[in-house]
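Read off the chains here:
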Amino acid sequence: MVRKDWKPITRMGKKMDWKHHEPPQIAIKFANLVFVLGVLFFVFLIIFSIFRFYNPMDDAIIKFSNDELSGYYLKLILIGVIGLIFFGFGLRLKIGLKVNLSVMLVTTVITVYGFETFFREKNLREIKAKQIGVSYDTRTTIEVLDDLTDLGIKAFPNVFPEAHLTDNGIIYNLGGISNITTIFVNESGYYPIIKTDEHGFNNPRGLYNENAVDIVLSGDSFTEGLSVNWNESISAVLRAAGYRAISIGKKGSGPLLEFAALKEYAESLKPKIVLWVYHENDLFDLKEEMKSPFLRKYLNEDGFSQNLISRQEEIDSVLINYVQRERVREMKRKIVEIIKLSKLRNLIHLVPKLKPKPKSKPAPTTIFKDILQQSKQMVSEWGGEMYFVYLPNFFSQAPPVQGNHYSLSEERNREIVMQTATELDIPIIDIQNEVFKTHPDPLSLFPFRNDGHYNAEGYRLVAEEIGKQLDADYYVPIN
């Protein structure tokens, strides 16, 4: 007699019991767990979105309009409701279908996060490098530093000017960690490995000797020599030409920070020449710098100084603690961004649109003139000469390049700063006209012909043009 609950099926001429093909218990539990977690996730998404709809975060209010934020959270609520219905009904599906669907869902999630990681690591320069057959170091900054540390090298990230709290109050760092190995950004397919001097700048050690320095260069990342090796920066090429040159340039510095660096590091050295290296974004940086009451002291208080040149041990201690804490924070930020699928949501436009940029305030040209004037006076008082070196950016080159962002305001700023230097009777070395406009292929002076810093050839030509001007002015290097 055949049991009523048994139904034979034929597969390739054989009778089989379907119960023998019921998924194992672990697969059933796994499927139920997937759907329960899905329900919980979308319940959380709905509750979170409703809460943020009525209580948006302060930084979100600054970045996005109320309509954009409301629309964004309404989308998330809708997605949450759809997801909740899907996973809620999924719990009622037949066992076999539920197991298969749960496997498919988990596979999809893994694939999505794989794409998120892939898009996060890829960049335009790496793609261009592969297209032209140039090797490209795909390691992250942290991985490179870890590899150097594993070799027994004292390696730390490159630190930029910033205020820090110490046991004695506020210290505004203008240099970096001294006597260490650091790395610059990878713009040409490799990470330049740099050894800092006794004040954390990109120079050989032992150059800080009073009345024995030809040139001090003050500026930002271009003056620092970002994206090239230590012996390919502007100051390095000048040293190779016989000048005793020191760069106190750091990434992110604008005119006020550059003036502060001159006071802290150049005034005691009394160099014969100061090169004020201006890059086309400097007036925009000055707007931000003027928001700092601490930095404004350099401009408004006669004789103000932090005596940084004699406090390097204290600076090193503060900065090493800072980079160690910041490394942990950065790792956490990256993990959170991956979990939130930040890149993928940007690609599918599942993010609120930023507020339109407010009308740009006029550039602080009066303050810029005051900074230049005070700088020139300080240099003149120790018997030195100050030159104004104008560096163009990628987007100011002709012919127009892809996505040209060179704005009318930048063009006006060029006219303003050049006129200011002229009015103050500061000799001008115009790299835009003397190097880039006369070059047959100016875009070749940028890594992979892309927006960024100059490559080694670009820096070399800048340094050679400076040398020509000094020769024309009959400057003889110190023996």
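(A) Spotlight on the pattern of salt bridges. Going through the model one piece at a time under the given rule, you end up with 15 salt bridges. Between Glu 314 and Arg 311 there is a salt bridge whose closest N-O contact spans 3.0 Å. Exposure remark for Arg 311: the relative accessible area of 21% places this residue in the partly exposed category. The salt bridge involving Arg 460 is made with Glu 457; its shortest N-O contact spans 2.6 Å. Taken as a pair, Arg 460 and Glu 457 lie in helix α17 (residues 456-472) at a separation of 3 residues, close to a single helical turn. Here Arg 460 falls in the partly exposed class, since its relative accessible area comes to 29%. Classification of Glu 457 as partly exposed rests on a relative accessible area of 33%.

(B) Structural context of the packing of aromatic side chains. All chains considered together, the criterion is met by 23 aromatic pairs. Note on Phe 44 and Phe 48: the rings are 5.9 Å apart at their centroids and 20° apart in plane angle, and the pair reads as stacked. One end of the pair is Phe 44 and the other is Phe 48, both in helix α1 (residues 25-54) and 4 residues apart, which spans about a single turn. Ring geometry for Phe 86 against Phe 87: centres 5.2 Å apart, planes inclined by 85°, an arrangement best described as edge-to-face. Judged by its relative accessible area of 38%, Phe 86 falls in the partly exposed class.

(C) Quick peek at the nonpolar core. The biggest cluster of nonpolar side chains holds 52 residues, and the ones touching the most others in it are Leu 174, Trp 276 and Phe 388. For this core, the leading source of residues is helix α9 (residues 255-266), giving 8 residues. Each residue touching Leu 174, except ones within four places of it in the same chain, is listed here: Pro 161, Phe 201, Lys 250, Leu 257, Ala 260, Ala 261, Glu 264, Tyr 265, Tyr 298 and Leu 308. Counting 32 residues, the second-largest nonpolar core is a separate cluster that includes Val 237, Leu 238, Ala 245 and Val 462.

(D) Looking closely at the sheet that holds strand β8 (residues 245-247). In spatial order, the strands read β8-β7-β9-β10-β11; together these 5 strands make up an open sheet with parallel pairing. Edge positions in the open sheet fall to β8 and β11 (428-430), since each of these has one partner strand only. Neighbouring strand axes in the sheet, compared pairwise and without regard to direction, differ in orientation by 20° on average. Bridge count for strand β9 (residues 273-279) against strand β10 (residues 385-391) is 7 bridges, and the pairing is parallel.

(E) Region of the structure containing helix α11 (residues 293-300). When we look at burial in α11, the residues that qualify are Phe 294, Leu 295, Tyr 298 and Leu 299. Projection of α11 onto a plane perpendicular to its axis shows the buried side chains occupying an angular sector of 160°, all on one side. Among the exposed residues of α11, those oriented more than 90 degrees off its buried face are Pro 293 and Asn 300.

(F) Representation of helix α14 (residues 365-381) in the model. Compared with an ideal rise of 1.5 Å per residue, which puts 17 residues at 24 Å, α14 spans 24 Å between its outermost C-alpha atoms and is within 8% of the ideal. Of the positions making up α14, those classed as buried are Phe 368, Ile 371, Leu 372, Ser 375, Met 378 and Val 379. One side of α14 carries all its buried residues, which in axial view fall inside an arc of 130°. Exposed positions of α14 whose direction lies more than 90 degrees from the buried face are Thr 366 and Glu 381.

(G) Highlighting the side chain of Arg 52. Its place among the elements puts Arg 52 in helix α1. Relative accessible area serves as the criterion here: at 18%, Arg 52 is assigned to the buried category.

(H) Quick peek at the pairing of strand β7 (residues 215-218). Every second residue of β7 is oriented toward a common face, with Ile 215 and Leu 217 on one face and Val 216 and Ser 218 on the other, all of them buried. As judged from the 3 bridges shared by β7 and β8, these two strands associate in the parallel manner. Pairing of Ile 215 across the sheet is with Ala 245, part of β8. Here β7 pairs with β9 via 4 bridges, running parallel. Bridge pairing in β9 places Val 216 opposite Val 274.

(I) Layout of the side chain of Gln 397. Of note, Gln 397 is situated in the loop between β10 and α15 (408-423). Judged by relative accessible area, which is 5%, Gln 397 ranks as buried. Within the structure, the side chain of Gln 397 is placed 3.0 Å from the side chain of Ser 396, a separation counted as a polar contact.

The rules behind these values
- Residues numbered from 1 in each chain as written.
- Predicted model: local features only at pLDDT ≥ 70, side-chain atom pairs only at ≥ 80, totals over all residues.
- Heavy atoms only, no water.
- Salt bridge = Lys/Arg side-chain N within 4 Å of Asp/Glu carboxyl O.
- Buried < 20%, exposed > 50% of the residue type's maximum accessible area, 1.4 Å probe, protein only.
- Helix = DSSP H or I, 4+ residues; strand = E, 2+ residues; numbered from the N terminus.
- Phe/Tyr/Trp six-rings, centres within 6.5 Å; stacked < 30°, edge-to-face > 60°.
- Core = buried A, V, L, I, M, F, W, Y, C linked by side-chain atoms within 4.5 Å.
- Contact = heavy atoms within 4.5 Å.
- Pairing = 2+ DSSP bridges.
- Axes fitted to C-alpha atoms, helices over the stretch in contact; angles between N-to-C directions.
- Arc of directions from axis to C-beta.
- Expected span 1.5 Å × (residues − 1).
- Polar contact = N/O pair within 3.5 Å; in protein donor to acceptor, adjacent residues only side chain to side chain.

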